[in-house]
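# An overview of the molecular structure
These are the residues of each chain, in order.
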Amino acid sequence: MISILDQFEQGDESTSKIAPTSKQLLDESFDRDADLGGIPILTKKKVNFSPSDKITQLLVNNEYVVLVMVNNVLLRINLKQDNIEEIDTLKTSSLKVKQLFLDPFGEHLLISCGNITSSQLFYATKQLSKLKPVGKYQGSEITSVAWNYDRKMKSTSSTTGPILLGNSSGAIIETQLGTEFDRFFQGSVVQYWKEVFDISKGHPIPIIGLQYHRVGKSDLFYILAITPTKLYQFVDFILNKDERPMLQQIFNNYLTIPERFYEIPTVVRHSKLHFYFLNDDFTVPKYFGFLTELGVFVAEVDINKDDKTIFSSHELIEYSRLYGRDDDDFSVPLSMTFTRYHVLLLFPERVIAVSLIAPADRNASQVMDEDYCSDIHGRLLNITKDLMTGTIWLYAERAVFRYKIVKEDRHVWKVYLDKGMFEEAKEICINNPYRMNQVLVRQAEHFFNSKQYENSALIYANLNISFEEIVLKFLHLNEKKPIKLFLMKKLDSLKSQDYTKITMITLWLIELFANELAILRNYKQEKSLEYIMLQESFQQFLSRPIIQDCIRKNWESIYDILASHGDVNFMIWLALENQDYKRVIQHYLNEENIAEALTLLDNHPFSELFYTFSSDLVEKAPAQTVSILIKQGQKLDPLKVINTLIIPNPSERLALEIIRYLEYSIHCLNCHVESVHNYLISLYIKHNREKLMNYLKLQGREITAVSYNPEFALRLCREHQLGEACVQLSIVLGLWEAAVDLALTISVDLAKTTASLPNNNMELSKKLWLKIAQYVVKQNNDIEQAMCFLEECKFIKIEDILPFFPDFVTIDHFKDAVCSSLEEYNKDIQNLKEEMEDATKSAEVIRSEILSFRNAYMLIQPSNECSSCQEQLVTKAFYTFPCSHCFHADCLIKEMQPFVDPSIINSVKELQNQLSTLYQNNKDISQSLEVISRRDKIKESLDKLLAAECFFCGEIMISLIDKPFIEDADFENIKQEWE
């Protein structure tokens, strides 16, 4: 189906937005809108509509068209529904349609009609198919209507809400019209009707334009009225919006004060008051204007509730200067309407787009585009705008056209730029990188030339122009803040992959900060607010992630910069912020500030720091350092720590602290590293010999259990003549004889203690005791003490030590020992006799039992059953056991099969097969002795395998005592069966 009015909508060309390169930003050929040069701003299309007669007036709002033809026929066209409705109420009337007034939502229509003698006003809505007279109004002609722009009125289409009417006599009338009043007030569509203000002051003057608006959602309202030579402004608050008449609350404040108005050039009679709104809810008006005889009056809306004005300044776009040159032979436009950046003026033969922004060059043309029209469709009558959709409509006597505005801001940005209106220019160029770059360059140059260097630096940092060129501009300045600001902003714009640039700029900025701080320090300004704030700014800069990464990769260069300016405190702060504790601790050590170094080490316990600095710190503060090391516990590797604590010839105090850490490592950290224990032994030997023996005893006598090197320890102890320790170490090494020999040089008691240790080796123990006895007898000539050894050591007899006594010794010295020895031998002989008698009796008992078993038998009854299958026993070959269990041979094999080695079962089956073969091959009664002998051997072998023991009472069943009744693999299935 073809629409009544062609939609004439062309889709915007979709272009992929690819980030431009810096070269493209500087090359005009990459201007995205450059190709619009051949495309006009104004593009019109004739709609598919042919009127039956000449059109006189046409209005469009919210895609709802109302037009009147010469024959007084009124057409209403709903573009959304492709519906045409004709109203010919006035067709036979003597009244002619003077003006049409359509509200912005297309819901309400007022028609001003009249002839030479009278005037009348009619009202209609979308729902009414007939015109309704507005009361019995027969007064002056209605020349303007101020509609209610409140969007709530759109949802309530049955009433207009409060509106203002201006007539040809200068009176302003407030009324409210609607079809709902038609039911309650005897056919009238008027709720109320009241004249609220008269600007004629007794001299009739037509009101050409009239509008009122609410400021946002506030209670502030303003009313604008224009006459041929004056502009009236009414601004005030409406406290009661339900009061009717509502707008009279504003006019009442102007009744008692002198008349206030603004003189304007003479307004042409066919002009209208036009507003341009930035949004479609009519809450943000941008500017208003109307046609005068000299030019287009345009003013930007700027409400001042104190001065009660609607605008503060205005501009008159003179017809004579439209093309940038004086033209006395100009014509006045027929009509006008606003777009975002232009005012469209209709002349008898063309439509021109005039820029609302006057060019910086007064001789430049303000006409941005012209669209000429032929006269084949009759005279051009008017240009109007749909306030809801923004569509521009042009109509002639025989045709209707619709305009499409194509990229109207293509030249505006340049005008803004030439006038120094940079923010407005940037708003337009936001999607055109080339033009945006041009605007930013000009703005940066403007700020630089006007000595606003910091603003200039911020903009330059975002530009894709030569870095060196910009830097040179700022380097010539005495003030360093702009260059620093530029570099910081430039740094923000760099990507992480621009590592070289980031490094260069970061180092430069650090140099600038450090230099500023150094200058202030030279003037003793360390406590000044400027210095403190500069320090904080520097710290914030260095704390940024991108800077942190750069610092980590360029430590040395940055520290060199700070060191060149003598900024030690900042070097320490920077190192701490970046966890470069190694550098800070080294600085404290160089400054002999041991307390700070220890505090830092304690607060930031990184193991590598301890491994690096423990040797230096422990020499200068042994107790504190060791305490911190112990505090770390298992976080440190004792071996690595001890490597740092190995100090040649340590002082007594230092050695004791090292011993304290070694003891902690061994006893609390369970350190078994041999070198650690060896070092502890060496320190014990040199500085704390009292603890050495305790340590050796704790380690034990087993050489495989000790953590130290016994040979190393023994060598040290010999060098320092520690005899008792040497004895203990000789024991560990298994040098028992050497240990006893060494112990005898110290004391006999120590030797006896040593000799009593190898309890499990009687031969060795006896040898050691004899060595002691020999020493006592020969060296000490102490026979009584030697006799005591016989009581202390059970391995030594009197006869063992007799060879050690001298020849002149009488028996009286060891008579008791000899008697005791003889008695002991006598007891041993008696015990042997008793054991021999017991063995003889046991042999006789066993012999008698064997004889009784030879004659033993078991009686098998016919009723006896197999213990496995419970069937009669004698029906098959069977085995019976002394425990009274009986099994068929087959059943016994079946029972044993799961529990014995498969090789046994295979042997049983093989023997059974051999036995069966013998029976099959030798069925004769008379069998040879060889066959019988062979059969008996097979049976004997089979019996050994099957009848060695009862299956139920023997080893097999005992070994199964820990086996579950139900296997794990079958448990779940059986469980489900039980459930």
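Structure report, in brief. Worth saying up front: this structure is predicted, and the values here are computed from it rather than measured.

Moving on, we get to the pattern of salt bridges. Counted under the stated rule, the structure contains 25 salt bridges. Measuring nitrogen to oxygen at the nearest pair gives 3.2 Å for the salt bridge that ties Lys286 to Glu300. Taken together, the residues Lys286 in strand S19 (residues 285-291) and Glu300 in strand S20 (residues 295-300) connect sequence positions 14 residues apart. In this structure, Lys944 and Glu940 form a salt bridge, with 3.9 Å as the shortest nitrogen-oxygen distance. Residue Lys944 and its partner Glu940 are located together in helix H34 (residues 929-946), separated by four residues, close to a single helical turn.

Paired through backbone hydrogen bonds, the strands of a sheet run either parallel or antiparallel to each other. The four strands are arranged S6-S7-S8-S9 in an open sheet whose pairing can be described as antiparallel. The open sheet has two edge strands with one neighbour each: strand S6 (96-102) and strand S9 (132-133). Pairing geometry for S6 and strand S7 (residues 108-114), over six bridges, is antiparallel. Along S7, the bridge assignment pairs Val97 with Cys113.

What follows deals with the sheet that holds strand S5 (residues 83-87). The sheet built from four strands is open, its strands ordered S2-S3-S4-S5 with antiparallel pairing. A single partner strand is all that each edge strand has here, and the edge strands are strand S2 (55-61) and S5. Ignoring strand direction, the axes of neighbouring strands in this sheet form an average angle of 15°. Relative to S5, strand S4 (residues 74-78) is paired through five bridges, and the arrangement is antiparallel. Residue Leu75 lies in a different strand from S5, and its bridge partner there is Glu86.

This paragraph deals with the side chain of His677. Take His677: it is sitting in helix H22 (residues 674-687). Residues in contact with His677, not counting those within four places in the same chain, are Ile666, Cys671, His672, Tyr695, Gln699, Ser707 and Tyr708.

Our next topic: the pairing of S4. Among the five residues that make up S4, five are buried, leaving the element largely enclosed by the rest of the structure. The alternating pattern of S4 places Leu74, Arg76 and Asn78 on one face and Leu75 and Ile77 on the opposite face, and all of these are buried. For strand S3 (residues 64-69) and S4, the ladder comprises five bridges, and the chain directions are antiparallel. Bridge pairing links Val68 to Leu74 in S4. Adjacent in sequence and paired antiparallel, S3 and S4 are bridged by four residues, among which Asn72 carries a positive phi angle near 65°. Adjacent in sequence and paired antiparallel, S4 and S5 are bridged by four residues, among which Asp82 carries a positive phi angle near 50°.

A few words now on helix H19 (residues 622-632). Taken as a whole, H19 has its buried residues at Pro622, Thr625, Val626, Ile628, Leu629, Ile630 and Gln632. Structurally, H19 contributes buried residues whose contacts are with helix H17 (594-603), helix H18 (607-620), helix H20 (638-645) and helix H21 (652-667). The positive-phi residue at the C-terminal boundary of H19 is Gly633, with phi of around 60°.

The final tally for this structure, using the stated rule, is 33 aromatic pairs. Here Tyr262 and Phe311 contribute two aromatic rings whose centre-to-centre distance is 5.4 Å and whose plane-to-plane angle is 80°, an arrangement assigned as edge-to-face. Of the two residues, Tyr262 sits in strand S17 (residues 262-263) while Phe311 sits in the loop between S20 and strand S21 (314-318), which places them 49 residues apart along the sequence. Where Phe275 meets Phe277, the ring centres are 6.1 Å apart and the plane angle is 25°; that geometry is what we call stacked. Each member of the pair, Phe275 as well as Phe277, carries the same accessibility label: buried. Here a set of aromatic residues connected by ring pairs shows up, and it is made of Phe105, Tyr149, Tyr262, Phe275, Phe277, Phe282, Phe288, Phe290, Phe297 and Phe311.

What follows deals with the environment of Lys939. By secondary structure assignment, the location of Lys939 is in helix H34. Taking the relative accessible area as the measure of exposure, Lys939 reaches 33% and is therefore partly exposed. Along the primary structure Lys939 and Leu911 are separated by 28 residues, whereas in three dimensions their C-alpha atoms are 8.0 Å apart. Those residues in contact with Lys939 that sit more than four places away from it in its chain are Leu915 and Tyr919.

The next point concerns the pairing of S20. Of all six residues in S20, five are buried, a share of seventy percent or more. Alignment of S19 against S20, held across five bridges, turns out to be antiparallel. By the bridge assignment, Gly289 is partnered in S20 with Val298. What sits between S19 and S20 in their antiparallel hairpin is a turn of three residues. Across five bridges, S20 lies against S21 in antiparallel orientation. Among the inter-strand pairings, Val296 is bridged to a residue of S21, identified as Ile317.

Ranked by size, the top nonpolar core spans 121 residues in total, and within it Phe486 and Leu542 carry the most contacts. A total of nine residues in this core trace back to one element, the largest contributor, which is helix H11 (residues 499-522). Residues within four places of Phe486 in sequence aside, it is in contact with Ala457, Tyr460, Ala461, Phe467, Ile470 and Val471. By size, the runner-up hydrophobic cluster in this structure holds 57 residues, among which are Ile172, Ile199, Phe277 and Phe311.

Calculation criteria
- Residues numbered from 1 in each chain as written.
- Predicted model: local features only at pLDDT ≥ 70, side-chain atom pairs only at ≥ 80, totals over all residues.
- Heavy atoms only, no water.
- Salt bridge = Lys/Arg side-chain N within 4 Å of Asp/Glu carboxyl O.
- Helix = DSSP H or I, 4+ residues; strand = E, 2+ residues; numbered from the N terminus.
- Pairing = 2+ DSSP bridges.
- Axes fitted to C-alpha atoms, helices over the stretch in contact; angles between N-to-C directions.
- Contact = heavy atoms within 4.5 Å.
- Buried < 20%, exposed > 50% of the residue type's maximum accessible area, 1.4 Å probe, protein only.
- Phe/Tyr/Trp six-rings, centres within 6.5 Å; stacked < 30°, edge-to-face > 60°.
- Core = buried A, V, L, I, M, F, W, Y, C linked by side-chain atoms within 4.5 Å.

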